[in-house]
Structures are given as C-alpha cells and as structure tokens.
2 protein chains.
Amino acid sequence: MSGQNISKSTLQRLPLYLNHLKSLPENTSGNISATAIAEAIKLNDVQVRKDLASVSKSGKPKVGYNTKELIKELEVFLGYENNNNAIIVGAGKLGMALMGYIGFKEYGLNILMAFDTDKNVVNEQELVMPIEKLPEICRRMRIKIGIITVPASFAQEVCNLLVESGVLAIWNFAPVHLNVPDGILVQNENMAASLAVLSNHLSEKMNN
Amino acid sequence: MSGQNISKSTLQRLPLYLNHLKSLPENTSGNISATAIAEAIKLNDVQVRKDLASVSKSGKPKVGYNTKELIKELEVFLGYENNNNAIIVGAGKLGMALMGYIGFKEYGLNILMAFDTDKNVVNEQELVMPIEKLPEICRRMRIKIGIITVPASFAQEVCNLLVESGVLAIWNFAPVHLNVPDGILVQNENMAASLAVLSNHLSEKMNN
DNA sequence: TAGATTGTTAATCGATTAACAATC
DNA sequence: TAGATTGTTAATCGATTAACAATC
C-alpha cells in the first residue's frame with residue numbers, strides 16, 4: 001500500500017524535507033508551501049511539489065500544507081514509526097560504530113547484533129556473534145535488513161548468506177557491486193566513492 | 001592538471017573499477033578489457049570504456065588495458081597516493097567511529113583530530129579538541145577537508161566555521177543541505193536517505 | 001476579484017546506451 | 001585477414017525544470 005512507484009531520487013530527498021519541517025519553530029502559522037521548503041533547502045520548487053505530492057494529498061492551493069500533518073505523513077511514509085530490526089555482518093571498527101550509533105533509532109532502524117568470523121572479536125555478551133549462528137538467528141527473528149561492513153573481498157559471500165537467511169534489503173558499505181536475486185534490494189553506501197569526489201575537487205583546486 | 005571535466009557519476013564508479021582490478025589474481029595475462037570489467041561488476045561496457053578513457057590513455061584496441069598500469073593510473077587519479085589531512089567536527093559516536101576507522105588511510109584520507117563544543121567529550125590527549133581551537137589549527141596545518149558529524153541543527157554553523165578556516169571540501173553526514181560559497185565542495189553522505197530507500201523497499205515487500 | 005499556491009503537461013537537460021568507425 | 005577491442009558520434013531514457021491550467 002505505502003511507497004509504490006516512487007523514484008529513488010525522490011525517496012532520498014524526503015528526509016531532507018522532513019528534517020527541515022522539524023527544524024521550524026513551532027509558533028509559525030501552521031502551514032507551509034512547497035515553494036518555501038524549496039527556497040530553504042535550495043531545490044527547485046516544482047521538484048519539491050512533485051515529491052510531496054507522492055507522499056501527501058493534503059496540499060491545498062493558496063494554503064500549502066499543514067506542517068504538522070505533513071511531518072506526520074512523511075514520518076509514516078518513511079517508516080520512522082516502525083521498528084525495523086537489522087543485523088550487521090563485520091564487527092570491525094566501522095561495523096561496531098554503526099551498531100553503537102544511537103541516531104538510527106530515530107529513523108526506525110534497530111540494529112540488534114553483529115556477526116563476525118573472527119573468534120577474537122566474537123563476544124556474545126556484547127552481541128557480537130559467530131557467523132555460523134547467522135542463518136538461524138535471522139530466520140527466527142525474521143530479520144529483513146542486513147548491513148555489510150566486511151572487507152570488499154568477502155562482501156559477495158556475506159551477501160549470499162544474508163539472502164539465504166531471508167534478508168530482503170541489504171545496506172552495503174563495501175565498495176563492490178553485489179549480485180542478488182530479483183526482489184532483494186541493495187543500497188550502497190560507498191564511502192570510497194565520496195572520497196573520490198572530495199579528492200578530485202581538491203586536486204582541481206590545488207592545480208590552479 | 002589531473003581530474004578536470006569529469007562527471008561526478010564517473011568519479012564515483014572509479015573506485016569500483018580499481019577495487020575489481022585489485023581483486024584479480026596476479027597470474028592472469030596482464031591485460032584486461034573494459035568489457036571484462038563491465039561484465040564482472042554488472043555495468044554497461046560502453047560506460048566503463050568511457051569512464052576509463054577519462055583516466056587513462058593506455059587502452060589498446062584488441063588488447064585492452066595493462067592491469068597493473070591501469071591500477072596505478074586509477075590510484076594516482078583518485079589521489080590514493082596523496083595524504084589528505086582532514087578533521088572531524090562532532091565527536092559523538094559516529095564522529096569518533098570515523099576517526100578510529102583505519103580503512104580511510106587506504107584512500108589517502110588521514111583524519112588528524114576531532115572537535116567538539118561539549119567540554120565533557122573534549123580530551124586533547126585523545127585528539128578531541130575544543131571547537132574554539134578549530135580555526136587556528138586548520139589554518140596552521142592547512143587542513144583542506146572537514147567532516148561534519150554534528151546534529152542537523154548545528155551543521156550549517158559548523159560548515160561556515162570550516163569555510164572561514166580555509167577548508168575547501170566538506171564531507172557532510174548531517175541530513176541537511178549546506179550553503180557554501182562558490183568553489184567549496186560539499187559531498188553529502190546521507191544515511192537517512194539510504195534508510196529511506198531500504199525502508200520503502202521493505203514496506204512494498206510486506207504489503208504484497 | 002486578484003494572488004498565491006497546487007498539481008499536471010510539455011520542454012530541457014544530462015547521463016546512459018546503442019551503433020559504428022578505427023586499429024592493433 | 002578476421003576478430004576483438006577501443007574510442008566516438010548518435011539515439012534513448014529518465015529526471016529535472018519550465019509553462020500553464022485549476023482552485024482555495
């Protein structure tokens with residue numbers, strides 16, 4: 001029912017709108033226009049209007065959107081009121097950091113535990129489990145989101161294991177392409193790609 | 001000289017190519033074609049060929065690229081052999097995790113220290129400095145890269161401070177748009193956007 | 001009524017992909 | 001020479017933006 005036929009680029013802008021709305025002082029009139037949002041976050045107003053139209057039917061000509069209502073609609077649409085359980089594979093620095101990061105709770109993501117092959121990092125008290133237990137735990141707890149923070153060379157293997165264990169969406173921090181069957185989503189968080197952009201900008205700047 | 005006129009999308013794919021090349025066994029013929037790379041990472045072959053053409057002149061018809069040479073060219077282009085010093089603003093969980101993450105070294109990124117406004121987290125022995133020292137340190141050490149991991153509501157303010165302190169490229173982990181003067185690059189690493197994509201996929205799956 | 005705003009249809013733009021010519 | 005591959009020019013596609021009609 002929710003979230004059909006919405007482009008990935010639209011989807012990725014929605015949190016920006018939500019964040020902006022939440023940052024507004026409570027006292028303001030109660031309504032806000034797509035134009036005002038666009039102005040604030042430096043996007044095209046038609047784009048914002050189109051994006052919002054795919055989430056809400058409550059926009060009114062001359063009036064705009066009721067701010068609180070729109071916030072609510074965005075939160076529901078983005079699933080911030082759900083509690084999506086997830087697990088992490090790869091209990092290195094990055095993996096443990098993500099597991100410890102409380103900020104994801106706000107977005108409805110609940111990271112339950114991590115898995116690793118390395119016996120030295122496994123520590124069941126601290127919720128770092130041996131990888132062998134992954135399939136059974138994922139099935140039993142109906143985990144649908146897997147986060148991959150292993151080195152690139154192991155990522156595909158881990159991905160396969162997650163898919164076999166019933167995971168439907170994968171958040172991939174390894175800088176590699178993952179092959180998955182139809183119906184499984186891979187969202188890449190490629191920090192190497194970001195660094196490429198930063199580094200390229202600097203080398204352009206420096207050589208002028 | 002390096003890195004002119006190259007699209008952001010191309011730039012972001014380059015690390016994937018490099019990673020794939022490095023993953024190949026040493027013993028293979030020594031040459032590789034754009035077609036083979038494209039096949040391996042499931043991209044269009046023309047796209048790979050175009051991307052590589054913007055980095056290397058060493059491709060030869062019928063032969064392809066010399067693997068080692070291409071690896072070298074990509075590494076140089078991506079600045080992996082440089083040592084770009086960077087600082088982090090926001091010494092919370094995420095900030096400290098990024099600071100502790102050794103993986104960035106490989107990409108030529110060297111995170112020297114973190115800054116925070118909170119006196120309780122400041123700890124100069126552990127390289128967490130009070131924000132007041134940021135401008136002077138950045139100028140003195142000629143820091144060109146700033147990483148923002150503060151809450152969304154402080155991000156613009158921190159961004160301004162970084163720009164005033166001579167930073168030229170900003171890696172922004174806060175889910176907000178940042179306004180910067182011409183010539184300053186902002187690269188957004190918007191995890192909320194990624195989570196939106198994951199969550200939307202799950203809600204589609206669940207409602208079928 | 002006039003103005004502000006929504007939502008839609010059409011035009012533009014950039015990136016991807018296809019077709020093809022050049023070459024070791 | 002024939003085949004594989006590069007690199008380029010043209011076609012396609014999707015997303016963004018502009019123009020405009022509808023409406024509180």
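Since this is a predicted model, take the numbers as computed values, not measurements.

1. Here's the deal with the domain arrangement of chain A
- Here chain A is partitioned into domain 1 (8-77) and domain 2 (84-194).
- The C-alpha-based centres of domain 1 of chain A and domain 2 of chain A are spaced at 32 Å.

2. Section: the environment of Glu81(A)
Residue and element names in this part refer to chain A.
- Considering the arrangement of structural elements, one finds Glu81 in the loop between helix H4 (67-77) and strand S3 (84-89).
- We classify Glu81 as partly exposed; its relative accessible area is 47%.
- Along the sequence, Glu81 and Leu127 sit 46 residues apart, while their C-alpha atoms lie 25 Å from each other.
- Not counting the four nearest positions on each side in its chain, Glu81 is found in contact with Lys72, Glu75 and Val76.
- A distance of 3.1 Å separates the side chain of Glu81 from the side chain of Lys72, its partner in a polar contact.

3. Notes on the protein's contact with DNA strand D
- Around DNA strand D sit 20 residues in total, of which Gln47(A), Ala34(B), Arg49(B), Lys62(B) and Tyr65(B) are the nearest.
- Counting only atoms of DNA strand D within 4 Å of the protein, the sugar-phosphate share comes to 62%.
- Arg13(A) is positioned with one of its side-chain polar atoms (N or O) 3.1 Å from a phosphate oxygen of DNA strand D.
- In this structure, a sugar or linking oxygen belonging to DNA strand D sits 2.9 Å away from a side-chain N or O atom of Gln47(A).

4. Some words on the state of the cysteines
All names here are of chain A.
- In the structure shown here, the tally under the stated rule is zero disulfides over all chains.
- Here Cys159 is not cross-linked by a disulfide; its sulfur's nearest cysteine counterpart is in Cys138, at 13 Å.
- What makes Cys159 buried here is its relative accessible area of 0%.

5. Observations regarding the protein's contact with DNA strand C
- In the vicinity of DNA strand C there are 20 residues, among which Ala34(A), Arg49(A), Lys62(A), Tyr65(A) and Gln47(B) approach most closely.
- Backbone atoms, meaning sugar and phosphate, form 62% of the atoms of DNA strand C found within 4 Å of the protein.
- In the model, a phosphate oxygen of DNA strand C is placed 2.9 Å from a nitrogen or oxygen of the Arg49(A) side chain.
- Lys50(B) is positioned with one of its side-chain polar atoms (N or O) 3.0 Å from a base oxygen of DNA strand C.

6. Structural notes on the interface of chain A and chain B
- Across the contact, 64 residues belong to chain A and 64 residues belong to chain B.
- For the chain A face of the interface with chain B, the top three residues by lost area are Leu195(A), Val197(A) and Leu198(A), together amounting to 11%.
- Linking chain A with chain B are zero salt bridges.
- If you look at where chain A meets chain B, you find 12 residue pairs in polar contact (both at pLDDT 80 or more).
- Going through the elements one at a time, helix H1 (8-23), helix H5 (93-100), strand S7 (169-172), strand S8 (185-188) and helix H8 (191-206) of chain A are the ones with two or more residues in the side of chain A that touches chain B.
- The leading source of residues in the side of chain A that touches chain B is H8(A), at 16 residues.

Criteria and thresholds
Within any chain, residue numbers begin from 1 and follow the written order of that chain's sequence. The naming scheme follows written order: chains are lettered A onward, ligands numbered 1 onward. For this predicted model, a pLDDT threshold of at least 70 governs which residues receive local features, and a threshold of 80 or more governs which side-chain atom pairs are given and counted, while totals over whole chains, interfaces and linings are taken from all residues. To obtain the side-chain values, all non-hydrogen atoms of the structure were included, while hydrogens and water were left out. What counts as a domain boundary in this text is fixed by an automatic or database domain assignment. Each helix is a run of DSSP H or I of at least 4 residues and each strand a run of E of at least 2, with the numbering of both proceeding from the N terminus. Throughout this description, buried means an accessible area under 20% of the type-specific maximum (1.4 Å probe, protein chains only), exposed means over 50%, and partly exposed covers the range between. Contacts are assigned to residue pairs with any non-hydrogen atoms lying within 4.5 Å of each other. Think of a polar contact as two N or O atoms within 3.5 Å of one another; within protein, one of them needs to be a possible hydrogen donor and the other a possible acceptor, and neighboring residues in sequence only count if both atoms come from side chains. Consider each residue's heavy atoms; a residue with any of them within 4 Å of a molecule or strand counts as near. Note on terminology: disulfide denotes any pair of cysteine sulfur atoms within 2.5 Å. Two parts placed together each lose some accessible area; with a 1.4 Å probe, that loss summed over both constitutes the buried area. A pair is scored as a salt bridge if a Lys or Arg side-chain nitrogen falls within 4 Å of a carboxyl oxygen belonging to Asp or Glu.

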